[in-house]
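One-letter residues, chain by chain:
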Amino acid sequence: MTTTKRAIIVGAGIAGLAAALRLHQAGWQPMVIERAPARRDGGYAVTFSGLGYDAAERMGILPDLAKRHITPEEMNYIKPNGERRFSVPGPTVRAMLGDRALNVLRGDIEDVLYEQVRERIELRFGTILETVAQNADGVSAALSDGSVERADLLIGADGLHSTTRTLVFGPEEEFRVDLDHMVAVFMLDHLPADVAPGATETLTVTGRTLAIISLGDGRAAAFFGYRTERPSAELAEGAKSVLPKVYGDIGWAAPDVLAQLRTAESVYFDSISQVVLPSWSRGRVALLGDAAWCVTLFAGYGSSLAVAGADLLGAALESHPDDIGVALAEWEKDLRPEAEKKQRLGRKVKGLYAPADPFRLWLRDVPLRLAALPPVGRLLQRRLQLRQAA
Ligand SMILES: Cc1cc2nc3c(=O)[nH]c(=O)nc-3n(C[C@H](O)[C@H](O)[C@H](O)COP(=O)(O)OP(=O)(O)OC[C@H]3O[C@@H](n4cnc5c(N)ncnc54)[C@H](O)[C@@H]3O)c2cc1C
């Protein structure tokens, strides 16, 4: 007689929900615990491509993700006085993205996954992992609601500052590599008057980027990314205190955005850091997503890798139903080269992201400036049409 295998998944972000869906598809019984009291939404637009796109197709969620795809009507690069430096039209942006890639809000990816699992699995919000103990037969998790859950596998999908990792692998400082930048994102109440409806607009000035995404349905999000030498101190100080100091003089739509920040209910604010671990599992505990290999937004691939990682984990557990250790080793062997490649990319992009001097900024923008030229835009669009027709 075979008994259904159980998994405890810590974190209902993209990695955790994707793992819940994929393990359910593999015949497992997953339960998810999430620290937040309810589903989080909003966020920034992310590129969803590569292994993640292929995995989403296999998992059957691609059509729902494609419905949430956003193409900006134009991408405008702005000067501090609000004038445009240059502009890339929407069809060229689509062509640059390629045919097997989507541009989706992070919260919308979570939403698509949540809709898939909400009726099928147990999901406990407002619940935190407190301790973990394991032996050859299983793993036990003591939770903040007072319960102790037992399972065959515990998956720590609890993000960059993973509690699972701290409890089982060691302190965060041993594995976190700060890339000397901070990021903040929040949903705006209204689109600032300086921003064209439907557009994504970006201002980069001396190591600081402010971008505003108009989502076309009344929603808009602001994104901040800037260099700093003191990420931990700024994290402790908080976005509402730090951002006005860093962005107060940047010009353009910043005064309006900073005024909206004062009353924003939820602001995502964190250091841009990678996670580098010699192994992603220990016994019956595996880390997944940013908890295991955070590649950072510089690599533009964290969501894709989270979904791909969940899909490959499910496949490895299907291939080795009676040996979790072998399944986890095979999973890591298959996925690690891609994660390390994207981490290398993330470290390279760090220097280009928000350059401090104008020449480096000009150099960084050369490919975009080329794409903004009508003949190059037409060429990119034609290439995409040919690929789609093939
Ligand atoms: C600004 C920005 C831009 C990005 N752009 C891209 C992009 O273009 N393309 C791309 O693919 N990726 C992008 N990413 C990365 C991407 O969003 C993440 O890599 C991806 O969402 C995977 O996250 P995760 O599920 O591993 O972790 P998270 O999203 O951090 O989720 C972890 C979850 O665990 C919960 N949790 C934490 N601790 C506990 C606990 N102790 N107990 C219970 N629950 C807990 C948290 O509340 C959270 O819900 C970007 C990231 C940022 C910040």
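You'll find the structure just up there.
Cut-off values and rules
Residues numbered from 1 in each chain as written. Predicted model: local features only at pLDDT ≥ 70, side-chain atom pairs only at ≥ 80, totals over all residues. Heavy atoms only, no water. Helix = DSSP H or I, 4+ residues; strand = E, 2+ residues; numbered from the N terminus. Rg over C-alpha atoms; globule rule 2.2 N^0.38 Å. Buried < 20%, exposed > 50% of the residue type's maximum accessible area, 1.4 Å probe, protein only. Axes fitted to C-alpha atoms, helices over the stretch in contact; angles between N-to-C directions. Parallel < 35°, antiparallel > 145°, perpendicular 65-115°, else oblique. Left-handed = near helix turned anticlockwise from the far one by under 90°. Contact = heavy atoms within 4.5 Å. Nonpolar A, V, L, I, M, F, W, Y, C, P; charged D, E, K, R; others polar. Pairing = 2+ DSSP bridges. Phe/Tyr/Trp six-rings, centres within 6.5 Å; stacked < 30°, edge-to-face > 60°. Arc of directions from axis to C-beta. Core = buried A, V, L, I, M, F, W, Y, C linked by side-chain atoms within 4.5 Å.

Undergrad: Report on the overall build of the protein chain, specifying residues and quantitative values.
TA: Counting its regular elements, the protein chain contains 15 helices and 18 strands. Relative to its length of 390 residues, the protein chain is compact, with a C-alpha radius of gyration of 21 Å against a globular reference of 21 Å. For the C-alpha atoms alone, the extent of the protein chain along its principal axes is close to 70 × 55 × 35 Å. The proportion of buried residues among the 390 residues of the protein chain is 54%.

Undergrad: Lay out the packing of helix α1 (residues 14-25) against helix α5 (residues 106-117) with the relevant residues and their values.
TA: Interaxial distance between α1 and α5 falls to 9 Å at its minimum, and their mutual angle equals 25 degrees. The orientation of α1 with respect to α5, classified from their angle, is roughly parallel. Where α1 crosses over α5, the two elements pack in a sense that is left-handed. Residue-level contacts link Ile14, Leu17, Ala18, Ala20 and Leu21 of α1 to Arg106, Ile109, Glu110, Leu113, Tyr114, Gln116 and Val117 of α5. Within the contact of α1 with α5, the residues separate by chemical class into 9 nonpolar, 1 polar and 2 charged.

Undergrad: Quick rundown of the sheet that holds strand β2 (residues 29-34)? Include the residues and the values.
TA: An order of β7-β2-β1-β11-β18-β17 is seen for the 6 strands of this open sheet, with the pairing classed as mixed. The open sheet has two free edges, formed respectively by β7 (122-125) and β17 (281-282), since each of these has just one partner strand.

Undergrad: So, the packing of aromatic side chains: which residues are in play, and what are the values?
TA: Inspection of every chain in the model, using the stated rule, returns 9 aromatic pairs. Look at Tyr44 and Tyr268: their rings are 6.2 Å apart centre to centre, the planes differ by 55 degrees, and that puts the pair in the tilted class. Here Tyr44, found in the loop between β2 and β3 (45-49), pairs with Tyr268, found in strand β16 (residues 268-275); they are 224 residues apart in sequence, far enough to count as distant. The class of Tyr268 is partly exposed, set by a relative accessible area of 38%. Ring geometry for Trp293 against Trp331: centres 6.3 Å apart, planes inclined by 55 degrees, an arrangement best described as tilted. A residue pair is termed long-range when its members are at least 10 positions apart, and Trp293 in helix α10 (residues 290-293) and Trp331 in helix α12 (residues 324-353) qualify at 38 residues.

Undergrad: Mind laying out the packing of α1 against helix α11 (residues 302-319), listing which residues take part and the relevant values?
TA: Where α1 meets α11, the axes come as close as 8 Å, and the angle between the chain directions of the two elements is 25 degrees. Accordingly, the angle class assigned to the pair α1 and α11 is roughly parallel. In terms of crossing hand, the pair formed by α1 and α11 is right-handed. Across from Ile14, Ala15, Ala18, Ala19, Arg22, Leu23 and Gln25 in α1, the residues of α11 making contact are Ser303, Ala306, Val307, Ala310, Asp311, Gly314, Ala315, Leu317 and Glu318.

Undergrad: Break down helix α8 (residues 239-247) for me, with residues and values.
TA: Taken as a whole, α8 has its buried residues at Ala239, Val242, Leu243, Val246 and Tyr247. Projected down its long axis, α8 carries its buried residues within an arc of 105 degrees, all on one side. In this structure, the buried side of α8 is in contact with β12 (176-188), β14 (208-214), β15 (220-227), α7 (231-237), α9 (254-263) and β16.

Undergrad: Run through the nonpolar core, naming residues and quoting values.
TA: Of all hydrophobic cores here, the largest spans 83 residues; its most connected members are Trp293 and Trp331. By size, the runner-up hydrophobic cluster in this structure holds 28 residues, among which are Phe186, Leu210, Leu243 and Leu261.

Undergrad: Pulling in residues and values, what's your account of the pairing of strand β5 (residues 84-89)?
TA: For a regular strand, the rule is simple: side chains alternate between the two faces of the sheet. One ladder, built from 5 bridges, connects strand β4 (residues 74-78) with β5; its direction is antiparallel. Bridge pairing links Met75 to Val88 in β5. Taking the residues that link successive antiparallel strands as the turn, the β4-β5 hairpin has 5 residues, and the phi of Gly82 there is positive, at about 95 degrees.

Undergrad: Hey, could you go over the sheet that holds β4 for me, with residue numbers and the actual values?
TA: The 7 strands lie next to each other as β5-β4-β13-β14-β15-β12-β16, forming an open sheet whose pairing is mixed. Pairing within the sheet leaves two strands with one partner each, and these edge strands are β5 and β16. Adjacent strand axes in the sheet meet at a mean angle of 20 degrees when their direction is disregarded. Looking at chain direction, β12 and β16 are connected through 7 bridges and run antiparallel. Across the sheet, residue Val185 finds its bridge partner in β16, namely Tyr268. Packing against the sheet, helix α4 (residues 90-97) makes contact with β4 and β5, and its axis sits at approximately 70 degrees to β5.

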